[in-house]
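Structure assessment
Here is what each chain is made of, one letter per residue.
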Amino acid sequence: MATIILFDGVCNLCNGFVQFVIKRDKRNVFQFASLQSNFGQKILAEQKLDLTSLIVLKDGTVLTQSSAALAIFKE
């Protein structure tokens, strides 16, 4: 199962981070969606989360902020 990275699609830093991850994701572990997308809005509503800059969905677990970043770098 892929790990999904939800990111702020209007944040230049977030978009740069996504490009950084894409270039290094040799095993195609990650899929991406902006928080502003229909999918991103659905996850925010389901998990009762505020708009945050980074969310990771991995194996049914929702990770945010530094926990999300650490999960990405671990892969």
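Heads up: the structure comes first, above all this text.
Computed from a predicted structure; not experimentally measured.

**Side note on the sheet that holds strand β3 (residues 54–58)**
- A sheet is described by the order of its strands in space; here four strands give the open sequence β2-β1-β3-β4, paired in mixed fashion. Of all the strands in the sheet, just β2 (30–34) and β4 (61–64) have a single pairing partner and so form its edges. Ignoring strand direction, the axes of neighbouring strands in this sheet form an average angle of 20°.
- Pairing of strand β1 (residues 3–7) with β3, which is carried by four bridges, proceeds in the antiparallel orientation. Bridged to I5 within β3 is V56.

**Considerations on the packing of aromatic side chains**
- Under the criterion given, the structure shown has one aromatic pair.
- An angle of 75° between the planes, with centres 5.9 Å apart, marks the rings of F17 and F73 as edge-to-face. Residue F17 is found in helix α1 (residues 12–24), and its partner F73 is found in helix α3 (residues 65–74); the two are separated by 56 residues along the sequence.

Definitions and limits used
Residues numbered from 1 in each chain as written. Predicted model: local features only at pLDDT ≥ 70, side-chain atom pairs only at ≥ 80, totals over all residues. Heavy atoms only, no water. Pairing = 2+ DSSP bridges. Helix = DSSP H or I, 4+ residues; strand = E, 2+ residues; numbered from the N terminus. Axes fitted to C-alpha atoms, helices over the stretch in contact; angles between N-to-C directions. Phe/Tyr/Trp six-rings, centres within 6.5 Å; stacked < 30°, edge-to-face > 60°.

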